[in-house]
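Structural features, examined
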Amino acid sequence: MNEPKFRYIDRAEICHLRGIGKTKQFEDERAGRFPPGERLGMRCVRWRSDVVAEWMEAESRRATEASEAIAARQSESAQRGVAARRQRAAASSVLTAQG
């Protein structure tokens, strides 16, 4: 018999895995930032572990890409600032030499 490659996990375990509280988890579910669970009964909602793991990996990649983009923008901004300061310093030294 084939064993399933996943198990069902509850909201408390998801909150523990994500390091967040139940309120934040509810907000993410309602806003569509977290995959919907499967309703197993009237008051029983569970998530497949493979779906949650896939979402967490995708979220990690998205966060890494976002932080790399921010670092690149900050580096470009810093380089422009250094170039502007050098330009002002050069202009100032020219004026001082002429005066």
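Just above, that's the structure.
Presented here is a report on the structure given in the accompanying data block. This one's a predicted model, so the numbers in the text were calculated from it and none came from an experiment. (Residues numbered from 1 in each chain as written. Predicted model: local features only at pLDDT ≥ 70, side-chain atom pairs only at ≥ 80, totals over all residues. Heavy atoms only, no water.)

1. Quick notes on the overall build of the protein
Quick reminder of the rule: To qualify as a helix, a DSSP run of H or I must reach at least 4 residues; to qualify as a strand, a run of E must reach at least 2; elements of each kind are numbered from the N terminus. For a compact globule the rule gives 2.2 Å times the number of residues to the power 0.38, and the radius of gyration it is set against comes from C-alpha atoms. Each residue gets one of three labels from its accessible area relative to the maximum for its type: buried under 20%, exposed over 50%, partly exposed in between, using a 1.4 Å probe on protein chains only.
Secondary structure assignment for the protein yields three helices and three strands. Counted from the first residue to the last, the protein has its helices and strands arranged as β-α-α-β-β-α. In terms of overall size, the protein is more extended than a compact globule, its C-alpha atoms giving a radius of gyration of 26 Å where 99 residues would be expected to give roughly 13 Å. For the protein, with 99 residues in total, the buried portion stands at 12%.

2. Description of the nonpolar core
The line we're drawing: Residues grouped as a nonpolar core are buried Ala, Val, Leu, Ile, Met, Phe, Trp, Tyr and Cys residues, joined through side-chain atoms within 4.5 Å. Any two residues whose heavy atoms approach within 4.5 Å are treated as being in contact.
In terms of nonpolar packing, the biggest core is built from seven residues, these being I9, I14, F34, V45, W47, V52 and W55. The set of elements that each furnish at least two residues to this core consists of β3 (44-48) and α3 (49-98). Setting aside residues no more than four positions away along its own chain, W55 makes contact with R18, R33, F34 and P35.

3. What to know about the sheet that holds β3
Stated formally: Here, a strand pair is defined by DSSP locating no fewer than two bridges between the strands.
Judged by pairing direction, the sheet is antiparallel, and its three strands sit side by side in the order β1-β3-β2 without closing on themselves. Only two strands of the sheet have a single partner each, and these edge strands are β1 (8-9) and β2 (38-41). Sheet topology note: the β2/β3 ladder contains three bridges and is antiparallel. Across the sheet, E38 pairs through a bridge with R46, a residue of β3.

4. A word on the packing of aromatic side chains
Selection criterion: Between the rings of Phe, Tyr and Trp (Trp by its six-membered ring), a pair exists once the centres lie within 6.5 Å; its type follows the angle of the planes, with under 30 degrees stacked, over 60 edge-to-face, and the other angles tilted. A ring is scored as having a charge over it whenever the NZ atom of a lysine or the CZ atom of an arginine sits within 6 Å of its centre and within 35 degrees of its normal.
Inspection of every chain in the model, using the stated rule, returns three aromatic pairs. Cluster of aromatic residues (ring-pair linked, three or more members): F34, W47 and W55. Above the face of the F6 ring, R48 is positioned so that its terminal group lies 3.7 Å from the ring centre.

5. Quick word on the state of the cysteines
Here is the rule we go by: Only a pair of cysteine sulfur atoms within 2.5 Å counts as a disulfide in this structure description.
One pass over the full model with this rule turns up zero disulfides. Counting only cysteine sulfurs, C44 is the nearest neighbor of C15, a cysteine outside any disulfide, at a range of 15 Å. Residue classification places C15 among the buried residues on the basis of a relative accessible area of 6%.

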